Amino acid sequence: NCEEFDWMITYGARVAAALAALAVLASPAAGSSATIRVNSVGFVPGAPKLATLAISSCGGNWSVVDLKTGDKALEGATLPTRSIDRSTLCLADFSALEKPGKYKLVVSGVGHSPPLLVGVSALNKPFKMAMAGFYMARCGQATPALPDSEDLVTTSSNGRPFEHEMCHAEDGLVDLKHTHESHEHRIEATGGWHDAGDYGKYTVNTAFTLGMLMYGWEHFQGRVEPAQLGIPAGLSPKLPDYLDEVRWGMAWVLKMQRPDGHAYHKLTPTHFEGFGALPHEDKGERYLSPWGTAATGDLAATGAQCYRTFLKYDTRFAEKCLEAAKRAYVALKAHPEPEIADLSGFGTGTYNSIDPHWDLGVRIWAATELYESTHNVSYLQDAEGLMRTLTAPIETCGAVGQPGSKGACKVADQLDWDDQRNLGVIRYLTSSSGKERDPALVAELRAQLQVVTEMYVRTSRTDPYSDPLGGYTKWGINGERARQALTLYAGELILGANKTLEQTGQNTLAMLFGRNPWGRSFVSQLGDWPAAHPHHRPSMVYAEAWPGLLVGGPNGGPTAWSDGWLAFRSNEIAINWNAGLAYALARYYNPPGKPDSDTGKPESESKPPRGSHGKDAKPEGGPLPDDPLPDEAMVWMGDPVKIHDALSRRERAALALETLTDLISPEGIATPEELAEQARDASEAAAEERPPHPHHRIPDVQAAPVVSHVDLPLVELAAAAAGVRRKRREPVPFPPQAVRTLPTPTPAPADNGRQRHHGRQLDSKV
């Protein structure tokens, strides 16, 4: 009876809020102004360089100052720009700055930006950090800290290495409750990556992540092959570091295949882990779920892609991948209708979708990858037949969210685990066996791809932060933005080299790196004022963000982002988000000592893009128009009133904890010693189903909300939130601009009894 534990939730919420208040927030560089919202990570020469300014009027002067000499390198006047709510925002356009160096942007009467780096290797560090994020998420092995490097953050601010010991070595168990198999036995399924803020492993999302990473290898191999990430030698010491990481994930996906060809959907504990343990401290049993057509199709797609990726380096592994892909495809075709994995035995994420186009997209991707690897025309016929079922008129497919037609467009405006069709469409359009394709279908797909990429450009040009989605938000929107780099680059490969498309992608990176409404980098430990409190268990244990992790970003409205440990709806991390970031940055990784021989600039600026059709690609239709669409012609998404349209009961409880972080006065917080004792007692009290000892002082919280009548194990939630055992620094006041709380929850619409959580869905009855 949850009513018996209302007091426990109130107490747990207060302790959790107090603990959150003890974390020291990163602050902007001394003297810099968050009013100047700019990419603080780096620019390559040739990239657009813009800053959005939150000031009352435009027309004032700005200058770019060389930090080494103190000289002005460039100057100009601020320009007006339009915002969604018509508030005043201005632009400083310093794109003409090409000389490598470190600078700052000075705006008259406002202040100056953090240091700005310009150079051919300016994006090397973020690329390496994004890839290191995968290494640190490895499951089933110890991950000793990577070697010290100027391109990596390897230790916390107090010198503690970012690492964990051998973990989850018993993965995983098959049984009746979870897997619906009567014969209980253990399957060797160690390896893979911890998926997100939790330690579960999900076949669908891991395979989707691998697809993005292998596309990155295909498109930018010449750049990333020499990249030295410092990864310890793995199963194949001769592999480039990039492929070593890909192989680690792919080897686990292969282990998830059943003897009949189907793929188990996931491997997780029964419920999410507590917040207070590193991976190797998590000793709970972990189970395999039943199979599903999505996981099976994703294994077929990545297995075929793996074959081509590794054939040169590890023939035996490549052939193993292809054999598994073929078996998975046979199993997939035996079930022409979607088979949704039954996850009723779990309370963890699902990565399930009731949208039939999710299953369709997986099948298209699988068939196109197998055709490319085998040249067996039967796979081609399957892929073309599936794509022809998508019949939306082309004119309906060029808007963000594709209202009313998203499911039926051959080229989607978004790319995620629950809509993978673009991975297959891009493979089809760049196939090395182009002569066997249907010319009419090719032409239709090219036309739809052009409509979607031009929509990105138009929307970016009319958005004050150059957001190609124009303020549209959802769970993991930052990952979506990063993955747009693949669709934009595909436009260059398929439609012809186009600088406008490349610059749209570069502006998106700038948005992720600080040119956004908060003036903050969304990648932990990267940039001047990065996300500091990701919903990520190892980071919570360290009380400091592990590096190189892209957080989800605003969810429910353009400004609905909270940098809080418990803000999983907007501040969680996930491997599919980092995969998009790694892909976008791979294009600009500049191998040390190997600049372009003619210009000294990144190869992408002086040579045609790589790819199956890159060498002979010719522009079609000329450059994109320079004139932006009028406001009334744009489709603006992300209505703030929808912020709670997908809140489950569990999310409401966590949101109540999160909301408290701005209600606590630092003067009213108990001492660190008292808090540690309170946390220990709260954890023990929850385990013993008793109230905490009454003599413990509770931090002073004004108007603390009471969460009640919630049908979930709230004791577990409160104890987990309160029981994070770690050393903390002295409390400091929150900078006003750092506190981002969400509005009061509104009733969520019905969604067939299920609510979305990180693309995974939570049963509202859990």
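Right above here is the structure, for reference.
Here is a short report on the structure shown in this document.

## Quick word on the sheet that holds strand β2 (residues 50-53)
1) Next: Overall, antiparallel pairing links the four strands, which are arranged β1-β2-β6-β5 in an open sheet. The open sheet has two edge strands with one neighbour each: β1 (36-38) and β5 (79-81). Adjacent strand axes in the sheet meet at a mean angle of 35 degrees when their direction is disregarded.
2) Next: In this structure, β1 lies alongside β2, joined through three bridges in antiparallel fashion. By the bridge assignment for β2, I36 is matched with L53.

## What about the state of the cysteines?
1) Next: As enumerated under the stated definition, the model contains three disulfides in all.
2) Next: Disulfide partner of C397: C409, at an S-S distance of 2.1 Å. Sign of the S-S torsion, about -95 degrees for the bond between C397 and C409, identifies this disulfide as left-handed. Placement of the pair is C397 in the loop between α9 (377-388) and α10 (421-429) and C409 in the loop between α9 and α10, with a sequence separation of twelve residues. As far as burial versus exposure is concerned, C397 and C409 are alike and both buried.
3) Next: C167 supplies the cysteine sulfur nearest to C139, a cysteine that is in no disulfide, at a spacing of 4.1 Å.
4) Next: With a relative accessible area of 0%, C139 lands in the buried category.

## A word on the pattern of salt bridges
1) Next: The full count for this structure, using the stated rule, is 33 salt bridges.
2) Next: The shortest N-O distance in the salt bridge between R258 and E181 comes to 3.1 Å. Here R258 is found in the loop between α5 (241-255) and β13 (266-268), whereas its partner E181 is found in the loop between α3 (176-179) and β11 (185-186), with 77 residues between them in sequence. Both residues of the pair, R258 and E181, count as buried.
3) Next: Of the charged contacts, one joins D416 and K474 as a salt bridge, the two residues approaching to 3.6 Å between their closest N and O atoms.

## Comments concerning the packing of aromatic side chains
1) Next: Tallying each qualifying case throughout the model produces 20 aromatic pairs.
2) Next: Taking the centre distance of 5.9 Å and the plane angle of 75 degrees together, the rings of W217 and Y313 count as edge-to-face. Taken together, the positions of W217 in helix α4 (residues 203-224) and Y313 in the loop between α6 (293-310) and α7 (315-333) put the pair 96 residues apart, joining distant regions of the chain.
3) Next: Residue Y313 is classed as partly exposed on the basis of its relative accessible area of 24%.
4) Next: Here Y542 and W546 contribute two aromatic rings whose centre-to-centre distance is 5.2 Å and whose plane-to-plane angle is 75 degrees, an arrangement assigned as edge-to-face.
5) Next: One aromatic cluster in this structure is built from F127, W217, Y242, Y313 and Y589.
6) Next: Its guanidinium or amino end placed over the ring of Y542, R160 lies 3.9 Å from that ring's centre, counting from NZ or CZ.
7) Next: The aromatic ring of W529 is capped on one face by R520, whose charged end is 4.4 Å from the ring centroid.

## Brief notes about the packing of α4 against α10
1) Next: Here α4 crosses α10 at 30 degrees, and the two axes come no closer than 11 Å. Viewed along their axes, α4 and α10 adopt a mutual orientation that is roughly parallel. Handedness of the α4/α10 crossing: left-handed. Across the interface between the two elements, F208, M212, Y215 and E218 from α4 touch L423, I426 and R427 from α10.
2) Next: A per-class count over the contact of α4 with α10 returns five nonpolar, no polar and two charged.

## A word on the side chain of T270
1) Next: Its place among the elements puts T270 in the loop between β13 and β14 (287-288).
2) Next: By relative accessible area, T270 is classed as buried at 18%.
3) Next: Side chain to side chain, T270 and H178 meet in a polar contact 2.8 Å long.
4) Next: Beyond its immediate sequence surroundings of up to four residues, T270 is in contact with K177, H178, Y287, G345, F346, G347 and T348.

## Remarks on helix α11 (residues 439-462)
1) Next: The end-to-end C-alpha distance of α11, which contains 24 residues, comes to 35 Å, matching closely the 34 Å that a straight helix rising 1.5 Å per residue would cover.
2) Next: The residue sitting at the N-terminus of α11 and contributing the capping side-chain oxygen is D438; that oxygen lies 3.1 Å from the backbone nitrogen of A440.

## A look at the environment of L278
1) Next: When you line up the elements, L278 lands in the loop between β13 and β14.
2) Next: Taking the relative accessible area as the measure of exposure, L278 reaches 3% and is therefore buried.
3) Next: Sequence spacing of L278 and R537 is 259 residues, and the spatial spacing of their C-alpha atoms is 6.9 Å.
4) Next: L278 has contacts with R160, Y199, P538, V541, Y542 and W546, leaving out every residue within four places of it along the chain.

## Focus: the side chain of E480
1) Next: Structurally, the position occupied by E480 is in helix α12 (residues 477-495).
2) Next: Not counting chain neighbours up to four residues away, the residues in contact with E480 comprise D413, Q414, L415, D416, L469 and K474.

What counts as what
- Residues numbered from 1 in each chain as written.
- Predicted model: local features only at pLDDT ≥ 70, side-chain atom pairs only at ≥ 80, totals over all residues.
- Heavy atoms only, no water.
- Pairing = 2+ DSSP bridges.
- Helix = DSSP H or I, 4+ residues; strand = E, 2+ residues; numbered from the N terminus.
- Axes fitted to C-alpha atoms, helices over the stretch in contact; angles between N-to-C directions.
- Disulfide = S-S within 2.5 Å.
- Buried < 20%, exposed > 50% of the residue type's maximum accessible area, 1.4 Å probe, protein only.
- Salt bridge = Lys/Arg side-chain N within 4 Å of Asp/Glu carboxyl O.
- Phe/Tyr/Trp six-rings, centres within 6.5 Å; stacked < 30°, edge-to-face > 60°.
- Lys NZ or Arg CZ within 6 Å of the ring centre and 35° of its normal.
- Parallel < 35°, antiparallel > 145°, perpendicular 65-115°, else oblique.
- Left-handed = near helix turned anticlockwise from the far one by under 90°.
- Contact = heavy atoms within 4.5 Å.
- Nonpolar A, V, L, I, M, F, W, Y, C, P; charged D, E, K, R; others polar.
- Polar contact = N/O pair within 3.5 Å; in protein donor to acceptor, adjacent residues only side chain to side chain.
- Expected span 1.5 Å × (residues − 1).

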